[in-house]
Amino acid sequence: GENVEQHPSTLSVQEGDSAVIKCTYSDSASNYFPWYKQELGKGPQLIIDIRSNVGEKKDQRIAVTLNKTAKHFSLHITETQPEDSAVYFCAASPGNQFYFGTGTSLTVIP
Amino acid sequence: GAVVSQHPSRVICKSGTSVKIECRSLDFQATTMFWYRQFPKQSLMLMATSNEGSKATYEQGVEKDKFLINHASLTLSTLTVTSAHPEDSSFYICSARVGGANTGELFFGEGSRLTVL
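Rules and cut-offs
- Think of each chain on its own: its residues are numbered from 1, step by step along the sequence as written.
- Here the convention is simple: chains get letters from A, ligands get numbers from 1, in the order in which they are written.
- For this predicted model, a pLDDT threshold of at least 70 governs which residues receive local features, and a threshold of 80 or more governs which side-chain atom pairs are given and counted, while totals over whole chains, interfaces and linings are taken from all residues.
- In computing side-chain properties, one takes all heavy atoms of the structure into account and sets aside hydrogens as well as water.
- Note on pairing: two strands pair once DSSP finds at least 2 bridges between them.
- Numbering goes from the N terminus for both helices and strands, where a helix is a DSSP run of H or I of at least four residues and a strand is a run of E of at least two.
- For helices, the axis comes from a line fit to the C-alpha atoms of the stretch in contact; other axes are also lines fit to C-alpha atoms, and the angle between any two N-to-C directions lies between 0 and 180 degrees.
- Salt-bridge detection follows one rule: a side-chain nitrogen of Lys or Arg within 4 Å of a carboxyl oxygen of Asp or Glu.
- Remark: exposure states derive from per-residue accessible area (1.4 Å probe, protein chains only) relative to the maximum for the residue type, with buried under 20%, exposed over 50%, and partly exposed in between.
- Any two cysteine sulfur atoms within 2.5 Å of one another count as a disulfide.
- We call two residues contacting when some pair of their heavy atoms lies within 4.5 Å.
- Simply put, the buried area is the total loss of 1.4 Å probe accessible area from both parts when two parts are fitted together.
- Here a polar contact means two N or O atoms within 3.5 Å. Within protein one must be a hydrogen donor candidate and the other an acceptor candidate, and residues neighboring in sequence count only if both atoms are side-chain atoms.
- We call Asp, Glu, Lys and Arg charged. Ala, Val, Leu, Ile, Met, Phe, Trp, Tyr, Cys and Pro are nonpolar, and the rest, Gly among them, are polar.
- Put simply, a nonpolar core is a bunch of buried Ala, Val, Leu, Ile, Met, Phe, Trp, Tyr and Cys residues held in one set by side-chain atoms that sit within 4.5 Å of each other.

Caption draft 1: The sheet that holds strand 7 (residues 67-73) of chain B, seen in detail. Residue and element names in this part refer to chain B. Taken in spatial order, the four strands make up an open sheet running 1-3-8-7, and their pairing is antiparallel. On the outer flanks of this sheet lie strand 1 (4-7) and strand 7, each paired with one strand and no other. Strand-to-strand twist of the sheet, defined as the mean angle between neighbouring strand axes without regard to direction, takes the value 15 degrees. The sheet contact formed by strand 3 (residues 19-25) and strand 8 (residues 76-81) spans six bridges and is antiparallel. Looking at strand 8, one finds that Val19 is bridged to Val81.

Caption draft 2: Layout of the pattern of salt bridges. Residues and elements named next belong to chain A. Evaluated as defined, the whole model comprises six salt bridges over all chains. With a closest N to O distance of 3.7 Å, Lys37 and Glu39 form a salt bridge. Classification of Lys37 as buried rests on a relative accessible area of 14%. Relative accessible area serves as the criterion here: at 32%, Glu39 is assigned to the partly exposed category. It is possible to trace a salt-bridge network through shared partners that takes in Lys37, Glu39 and Lys42.

Caption draft 3: Representation of the state of the cysteines. Residues and elements named next belong to chain A. Applying the stated criterion across every chain yields a total of two disulfides over all chains. At a sulfur-sulfur separation of 1.9 Å, the disulfide partner of Cys23 is Cys90. Since a negative S-S torsion denotes a left-handed disulfide, the Cys23-Cys90 link at about -100 degrees is left-handed. In this pair, Cys23 sits in strand 3 (residues 19-25) while Cys90 sits in strand 9 (residues 86-92), placing the two residues 67 residues apart along the sequence.

Caption draft 4: Layout of the interface of chain A and chain B. Facing 20 residues of chain A, the contacting portion of chain B comprises 23 residues. For the pair chain A and chain B, the summed buried area comes to about 1600 Å², and 52% of that belongs to carbon and sulfur atoms. If you look at where chain A meets chain B, you find zero salt bridges. Where chain A meets chain B, there are five residue pairs in polar contact (both at pLDDT 80 or more). Of all the elements in the fold, those that place two or more residues in the side of chain A that touches chain B are strand 4 (32-38) and strand 5 (45-51) of chain A. The residue makeup of the side of chain A that touches chain B, split by class, is seven nonpolar, ten polar and three charged.

Caption draft 5: Just the nonpolar core, in detail. Within the largest apolar cluster, 41 residues are counted, with the highest numbers of intra-cluster contacts made by A:Phe100, B:Tyr36, B:Leu106, B:Phe108 and B:Leu114. For this core, the leading source of residues is strand 9 (residues 90-98) of chain B, giving five residues. Non-local contacts of B:Tyr36, meaning those with residues more than four positions away in its chain, are made with A:Phe98, A:Phe100, B:Leu44, B:Met45, B:Leu46, B:Met47, B:Phe91, B:Tyr92, B:Ile93, B:Ser95, B:Leu106 and B:Phe108. A:Val4, A:Ile62, A:Phe73 and A:Ala86 belong to the second-largest nonpolar core, a separate cluster that totals 24 residues.

See the structure below:
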């Protein structure tokens with residue numbers, strides 16, 4: 001089955017700096033890669049996703065890149081703000097199932 | 001995005017009782033819903049896949065008789081924790097896929113915090 005690894009597990013940045021979270025996957029059949037933001041006590045919220053036919057996607061301060069050859073994808077947050085502090089999960093989907101990374105706790109220091 | 005609603009958001013029960021958690025897709029039909037369990041500071045653990053009109057598919061290690069899943073309609077799936085014990089205390093989250101079974105986006109409910117005394 002699919003195996004998704006996520007790094008780092010914790011990340012602290014100064015407000016205004018950029019944050020990068022990286023994930024790798026093992027199953028070449030995976031073709032959909034969403035990213036979720038989870039705030040304390042809440043369910044994960046879909047913030048951006050990318051499909052295997054695209055190399056990069058951007059939505060305001062958030063961008064995701066995908067390298068199919070290397071089987072890795074990354075989340076980039078620019079101009080970070082305190083409200084970006086949360087746990088972020090990546091996922092890979094080869095079909096109907098989703099496989100999640102172990103999460104990254106991001107802290108943006110004002 | 002699509003809306004998935006869970007109820008209750010928090011529940012406290014005594015050991016030995018059963019608790020039902022509802023998951024509803026509010027603006028779309030979901031033939032498949034997923035139930036996850038999440039321990040503090042850990043990732044999402046898939047418990048089972050709920051299929052409308054048929055039996056749920058449970059992940060290895062998840063007790064079918066302990067966690068009863070019913071998906072009676074295209075907008076509602078329920079998870080019943082039977083004879084709950086303190087070790088069942090956890091954060092339970094449902095999700096549903098919008099669009100195609102293998103192509104749609106996955107949206108999560110708000111989660112349900114279960115505390116068993």
